[in-house]
Amino acid sequence: MYRIVGKKELAENVDEFVIEAPEIARKAKPGQFVIVRVTARGERIPLTIADKDPEQGTITLMVQRVGKSTYHMSCFEEGNALKDVVGPLGKPTHLEKWGHVVAVGGGLGLAPIHHICQGVKEYGNELTVIMGFRSRELVFWEEKMEILADRVIVTTNDGSYGMKGLVTDALLNLIESGTKIDMVICAGPVPMMKAVADLTRPYGIPTVASLNPIMVDGTGMCGACRVTVGGEVKFACVDGPEFDAHQVDFDELMNRLRMFKELEKKAMEEFQRKHCGCRRG
Amino acid sequence: MARKEIIKKKVPVPERDPKERVKDFREVKLGYTPQLAMEEAKRCLQCAHSPCVEACPVRVPIPQFIKLIEEGKFVEAARKIKEENILPSVCGRVCPQEIQCEGACVVGKVGDPVAIGALEAFAGDHEASVGYEKFPIPEKSGKRVAIVGSGPASIACAADLLKWGHDVTIFEALHEPGGVLVYGIPEFRLPNEIVKRELRFLEEMGAKIVLNFVVGKTKTIYELLEEFDAVFIGSGAGLPYMLNIEGLNLNGVYSANEFLTRIIFMGANWFPEVDTPVYVGKRVAVIGGGNTAMDVARTAVRLEGVEEVYVVYRRSESEMPARVEEVHHAKEEGVIFKTLTNPVRFVGENGWVTGVECVKMELGEPDESGRRRPVPIPGSEFILEVDTVVMAIGQGPNPVVVEGVKEIRRGKKGEILVDPETLMTDLPGVFAGGDVIRGGSTVIVAMGDGRKAAKSIHEYLMSTSK
């Protein structure tokens, strides 16, 4: 069992969990993820390692309530334990001293972005973070990013906080202002990552995306997470999760994420109907 | 010895009615009763030259254990088997006996071969029902061995190492132990409870099983070597081959590994009682002709809402690598065979698979495997309309375990290269066996490797002092 030693609600539907997993904490590198099973009847869900504390033996995960498993996990409190946590999985982010790096994150994408940014700074890069939210009350981790980055730009769709617009608007501003950008790393909803890739492509700015496909085992055994990159089939769990964003077939990824939508809805309805004793039940 | 009269007909192994059994995942074979087992055991000629033993990858003393069954000494029979094979209940069910022991059986030359597999399973099950005898543990050697993976190769290796007094820790990547026995072989062929009790026995004998631990990620082989005196890699063939044709990534197209893992390992047939879903429509095409293809097809017929299940195989039925018994069971359960049929592309609509374009094949000249090469018949293309496709075209060794370990060499298919005598890799103290050195093989061959490696590890440990 993997004990929860800290829990915080970051925004509506987004929780931060600090979990006791000493072996994973010791090994975790930026870009890597874990597979979590909330209960003995749970499914295996991939969650990116947002932060780690090797001395305390803990890792930080960010969970957005989107389906049964994530809702169920959000019912867990400090002191409770998750059934299974395995990792760190996936290839670590390829890091080097590029110069000026722009990290773009939306929503749950801030989990990988945060950990990646730690690595980016360790390599002595200049770092700009663009973080996008729908509106003010959904903003989180701005201070955490401020500590890491040389510059943080927050965007909200409705303009209720920071810059009005999308992360790509902020990125375009940066590019057009003549700021030299040597590398863009993005993580978040697929349409966002696709838009970032489409934006940087004509400028020839190297761009990496951290993908979030459906996974089961997370060790290359099942192939559920296959994505097409540069015309080749790759397994995101072992070949990724980060790939050259200009080569990724995002439309296919979006389609594959829909594969179990109907069933997931059914599971969610069932869960809400039955579940009690939970504040969101 | 007086010549025995040959009884040509074997005692049939009771099986559940196909109409009943397709409604659930419970075991198809009911197995021999003590009476039936004793009757079948009488058919064994007790040949002095025992070709059955020669044909067994781990040389189980077959005539001897059958003799004990004939005498009603069932527990003794199981223990006799266990001198060479610690998993009689498993091997009795999943070994390809028809090309091993039963294929060589002298009685089989004139009639049905002795049902060695069914007798082996009977003995194993009987012993389990009365309780296992623990083997005496010698004095602790003080040596520690790490075993990677908890499938058949690892189980066999662990058992022998424990017998020699070594300390054994098994590292399993998934959240339940058993490897392919639990994620790859459905319960209607091998009930999980059998695998669980074998693993429980290992634990009672002192093996430590660590779950959720991916060697190569959670810790590397190098790190294990700092803590342990030797390492055995029995991580299997956990890398599915994909049919690289158009439409591969359409929704509804699975690898056999994903399909079976979702259902038999994660329990998706109980969804939404359990959280793992599997999407299966009304018509399912399974690509391939091996045992895994049969397992997938027979799993699919058991799922709610599934109306038709096809096995699409490019050669003819006689070239199918699947066991005859499995093909027979699949047919009984209503699986439709489309042989001499090769998939060309997956067709889809709105991102979902709607069919498989196939071409009819005919058999030409023999190829390097000795089987006649299938060649497409021009103009014979047709579309098999399905809403689910499962590819069961084989798997290779998963590279994660040894990634970055440059001393360990790998072959063309990613298999770990070992000294054929000792099963040691080029990294001293690290041994490997089972599918990870062979690609896809069988449970019994993997167990044979596990035992062979255990012997080498024992010799290695005794010759090194740390």
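Residues numbered from 1 in each chain as written. Chains lettered and ligands numbered in written order. Predicted model: local features only at pLDDT ≥ 70, side-chain atom pairs only at ≥ 80, totals over all residues. Heavy atoms only, no water.

**Concerning the overall build of chain A**
What chain A contains, in helices and strands, is nine helices and 16 strands. At 18 Å, chain A has a C-alpha radius of gyration in line with the 19 Å of a compact globule built from 281 residues. The 281 residues of chain A split such that 62% are buried. Within chain A, contacts between residues separated by at least 24 positions form 66% of all contacts whose residues are at least 6 apart in sequence. Averaged over its 35 positive side-chain charges, chain A has a centre that lies 5 Å from the centre of its 38 negative ones. (Helix = DSSP H or I, 4+ residues; strand = E, 2+ residues; numbered from the N terminus. Rg over C-alpha atoms; globule rule 2.2 N^0.38 Å. Buried < 20%, exposed > 50% of the residue type's maximum accessible area, 1.4 Å probe, protein only. Contact = heavy atoms within 4.5 Å. Lys, Arg positive; Asp, Glu negative; His and termini not counted. Charge placed at Lys NZ, Arg CZ, Asp CG, Glu CD.)

**Digging into the overall build of chain B**
Helix and strand counts for chain B come out as 17 helices and 16 strands. What you see for chain B is a C-alpha radius of gyration of 23 Å, in line with the 23 Å of a compact globule of 466 residues. Each principal axis of the C-alpha atoms in chain B carries an extent, and together these give about 70 × 60 × 50 Å. Taken over 466 residues, chain B has a buried fraction of 59%. Across chain B, contacts joining residues at least 24 apart in sequence account for 71% of those joining residues at least 6 apart.

**Concerning the interface of chain B and chain A**
Between chain B and chain A, the contact holds 47 residues from the first and 46 residues from the second. Carbon and sulfur atoms supply 53% of the area that chain B and chain A bury against each other, a total of about 3900 Å² over both sides. Across the chain B-chain A interface, the total number found is four salt bridges. Across the salt bridge formed by Arg41 of chain A and Glu273 of chain B, the nearest N and O atoms sit 3.6 Å from each other. One can count 22 residue pairs in polar contact (both at pLDDT 80 or more) joining chain B with chain A. Where the side of chain B that touches chain A is concerned, the elements lending two or more residues are β5 (239-240), β6 (253-255) and α13 (256-265) of chain B. Split into classes, the residues belonging to the side of chain B that touches chain A amount to 23 nonpolar, 16 polar and eight charged. (Buried area = accessible area lost by both parts, 1.4 Å probe. Salt bridge = Lys/Arg side-chain N within 4 Å of Asp/Glu carboxyl O. Polar contact = N/O pair within 3.5 Å; in protein donor to acceptor, adjacent residues only side chain to side chain. Nonpolar A, V, L, I, M, F, W, Y, C, P; charged D, E, K, R; others polar.)

**A look at unusual backbone geometry**
Along the chain, Gly240 of chain A connects to Pro241 of chain A via a cis peptide bond; the corresponding omega equals 15 degrees. You can see Pro241 of chain A is positioned in the loop between α7 (236-239) and β16 (242-244). Of note, the bond from Phe271 of chain B into Pro272 of chain B is cis; its omega dihedral lies within 30 degrees of zero at 5 degrees. Of note, Pro272 of chain B is situated in the loop between α13 and β7 (283-287). Even without a glycine there, the phi angle at Gln46 of chain B is positive, about 55 degrees. Assignment of secondary structure puts Gln46 of chain B in the loop between α2 (34-41) and α3 (51-54).

**Examining helix α8 (residues 250-257) of chain A**
Residue and element names in this part refer to chain A. Buried residues of α8: Phe250, Glu252, Leu253, Asn255 and Arg256, and no others. Against α6 (190-200), β13 (207-210) and β14 (226-229) lie the buried residues of α8. Its side-chain oxygen at 3.3 Å from the backbone nitrogen of Asp251, Asp249 defines the N-terminal cap of α8.

**Quick notes on the sheet that holds β13 of chain A**
Residue and element names in this part refer to chain A. Strand order in the open sheet formed by seven strands is β11-β10-β9-β8-β12-β13-β16, with mixed pairing between adjacent strands. Sheet topology places β11 (163-164) and β16 at the edges, where each strand pairs with a single neighbour. Taken together, the six bridges between strand β9 (residues 126-133) and strand β10 (residues 151-156) define a ladder with parallel strand orientation. Pairing of Gly132 across the sheet is with Thr155, part of β10. Along the sheet, helix α5 (residues 167-176) contacts β8 (100-106), β9, β10, β11 and β12 (183-187); its crossing angle with β9, the most-contacted strand, is approximately 150 degrees. (Pairing = 2+ DSSP bridges. Axes fitted to C-alpha atoms, helices over the stretch in contact; angles between N-to-C directions.)

**Topic: the pattern of salt bridges**
Residues and elements named next belong to chain B. Applying the stated criterion to the full structure yields 57 salt bridges over all chains. Here Arg451 and Asp160 are joined by a salt bridge, their closest N and O atoms 2.8 Å apart. Within this pair, whereas Arg451 is found in helix α17 (residues 443-463), its partner Asp160 is found in helix α9 (residues 152-163), the two being separated by 291 residues in sequence. According to the relative accessible area criterion, Arg451 is partly exposed, its value standing at 23%. Assessed through its relative accessible area of 4%, Asp160 is described here as buried. Three or more residues joined by partner-sharing salt bridges are found here, namely Glu15, Arg21, Arg189, Asp295, Arg298, Arg302, Glu326, Glu332 and Glu333.

**A closer look at the packing of α5 of chain A against α6 of chain A**
Residues and elements named next belong to chain A. In the contact formed by α5 and α6, the axes pass within 10 Å of each other and the chain directions differ by 20 degrees. Considering the angle they form, α5 stands roughly parallel to α6. Both α5 and α6 take part in a crossing whose hand is right-handed. From α5, Val167, Thr168, Leu171, Leu172 and Ile175 reach across to α6, where they touch Met192, Ala195, Val196, Leu199 and Thr200. When the residues that make up the contact of α5 with α6 are grouped by side-chain class, the tally is eight nonpolar, two polar and no charged. (Parallel < 35°, antiparallel > 145°, perpendicular 65-115°, else oblique. Left-handed = near helix turned anticlockwise from the far one by under 90°.)

**Re the pairing of strand β2 (residues 14-20) of chain A**
If a strand is regular, its side chains alternate between the two faces of the sheet. All names here are of chain A. Among the seven residues of β2, six are classified as buried, and the element is accordingly described as predominantly covered. In terms of strand pairing, strand β1 (residues 2-11) meets β2 through six bridges, oriented antiparallel. Paired with Gly6 across the strands is Val18, a residue of β2. Here β1 folds back onto β2 in antiparallel fashion, the turn holding two residues, of which Asn13 has a positive phi close to 75 degrees.

**Remarks on the state of the cysteines**
All told, the structure shown has zero disulfides over all chains when counted by the stated rule. Lacking any disulfide linkage, Cys117 of chain A is separated from the closest cysteine sulfur, that of Cys186 of chain A, by 12 Å. Free cysteine Cys105 of chain B: the closest other cysteine sulfur is in Cys52 of chain B, separated by 6.6 Å. (Disulfide = S-S within 2.5 Å.)

**What to know about the domain arrangement of chain B**
How big an interface is tends to be reported as the loss of accessible area on association of its parts. Residue and element names in this part refer to chain B. In terms of domain boundaries, chain B breaks down into domain 1 (18-130), domain 2 (144-237 + 397-464) and domain 3 (242-393). With centres defined by C-alpha atoms, the gap from domain 1 to domain 2 works out at 26 Å. Every contact between the two is made by 23 residues of domain 1 and, on the other side, 20 residues of domain 2. Between domain 1 and domain 2, a total of about 1900 Å² is buried, with carbon and sulfur atoms accounting for 73% of that surface. If you sort the residues of domain 1 by the area they bury against domain 2, Ile86, Leu87 and Val94 come out on top, with a joint share of 29%. The tally of links between domain 1 and domain 2 comes to two salt bridges. Glu84 serves as the salt-bridge partner of Arg451, at 3.1 Å between the closest nitrogen and oxygen. Where domain 1 touches domain 2, the interface holds six residue pairs in polar contact (both at pLDDT 80 or more). When residues in the side of domain 1 that touches domain 2 are grouped by element, the largest group, five residues, is from helix α6 (residues 88-94). (Domains from an automatic or database assignment.)

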